[in-house]
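Chain residues, written in single-letter form:
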Amino acid sequence: MTGSTDVHTVSIGAESDLLRVRTTLRAESQVAGLGLTSATKFITAGSELARNIVRYATHGQGEVLIEALEEGARKGVRATFTDSGPGIPDLDAAMSDNFTTGGGLGLGLPGSRRLVDEFSIDTGPGRGTTVVITQWGR
C-alpha cells in the first residue's frame, strides 16, 4: 500500500506562481531522495503542467497537490495538477507529439509523460483537467 507522508498545496493563478510550484517540487524531490536526474525530470514535467494551467485553464486558475510517498522501503513524490477549465476536447491528439493549440513546440503533455515514472490524465470538454505524475527514488 502506498502511504502519503507529507502534503503541500500550491495555488496556480499566474506565471509568478510557477516558481513556487518548482520550488515545492524540488523540496519534495529531495525529501524523497530522488537523484538529480530523476528530480530534474519530475520538476520539468511539473513545471510544464503548471504552465498549461496558466495558459489554458479558465482565468489561469488551478492548483497542485504535492505528496511525499512511501511504499515499503521505496520513496517517491506525486503531484496532482487540477483545474476547472474547459478540458481537453481531443485527448488523443493532445497526447501526440507536435500537437499544439498555443503556438508552442507541442511537447507539453507527451513530453511530461515521458519524463516521469507514472502519468495519468482525466479530462473532457467542460469538466476541467486533472493530471497526476509520480516519480520514484531509485
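Before reading further, recall that the structure is shown in the block above.
The following refers to the structure shown. Here the structure is a predicted model, which is why all the values come from computation and not from measurement.

**Describing the environment of Ser-11**
By secondary structure assignment, the location of Ser-11 is in strand 1 (residues 3-12). The class for Ser-11 is partly exposed, based on a relative accessible area of 44%. Between the C-alpha atoms of Ser-11 and Thr-82, which are 71 residues apart in sequence, the distance is 9.8 Å. Residues within four places of Ser-11 in sequence aside, it is in contact with Asp-17, Arg-20, Gly-62 and Glu-63.

**A few points about unusual backbone geometry**
Positive phi outside glycine occurs at His-59, with the angle close to 60 degrees. Among the secondary structure elements, His-59 is positioned in the loop between helix 2 (36-56) and strand 2 (62-71). Among the residues examined, His-59 registers a relative accessible area of 68% and is labelled exposed.

**Quick word on the pairing of strand 3 (residues 74-83)**
Note that strand 2 and strand 3 share 10 bridges and pair antiparallel. When the bridges of strand 3 are listed, Ile-66 appears paired with Ala-79. The hairpin turn running from strand 2 into strand 3, its antiparallel successor, is two residues long, and Gly-72 in that turn takes a positive phi close to 65 degrees. Pairing between strand 3 and strand 5 (residues 129-136): eight bridges, direction antiparallel. Bridging from a neighbouring strand, Asp-83 pairs with Thr-129 of strand 5.

**Describing helix 1 (residues 17-31)**
A turn of α-helix holds 3.6 residues, and therefore any two residues three or four places apart point the same way. Taking 1.5 Å as the rise per residue, helix 1 with 15 residues should run 21 Å; its terminal C-alpha atoms sit 21 Å apart, in good agreement. Among the residues making up helix 1, those that are buried are Asp-17, Leu-18, Val-21, Thr-24, Leu-25, Glu-28 and Ser-29. Considered in projection along helix 1, the buried side chains sweep an arc of 135 degrees and stay on one side of the axis. Turned more than 90 degrees off the buried face of helix 1, the exposed positions are Leu-19 and Gln-30.

Parameters at a glance
- By convention here, each chain's residues receive numbers from 1 onward along its written sequence.
- In keeping with the model being predicted, local features are shown solely for residues with a pLDDT of at least 70 and side-chain atom pairs are shown and tallied solely at 80 or more, while totals for entire chains, interfaces and linings include all residues.
- Excluding hydrogens and water, the side-chain values take into account all heavy atoms of the structure.
- Numbering of helices and strands runs from the N terminus, with a helix taken as a DSSP run of H or I at least four residues long and a strand as a DSSP run of E at least two residues long.
- Using a 1.4 Å probe on the protein chains alone, a residue whose accessible area is under 20% of its type maximum counts as buried, one over 50% counts as exposed, and one in between counts as partly exposed.
- Any pair of residues with heavy atoms lying within 4.5 Å of one another is described as a contacting pair.
- Only strands that DSSP links by at least two bridges are regarded as paired with each other.
- Here the expected span of a helix is defined as 1.5 Å times the quantity of residues minus one.
- In this description, the arc belongs to the directions extending from the helix axis to the C-beta atoms.

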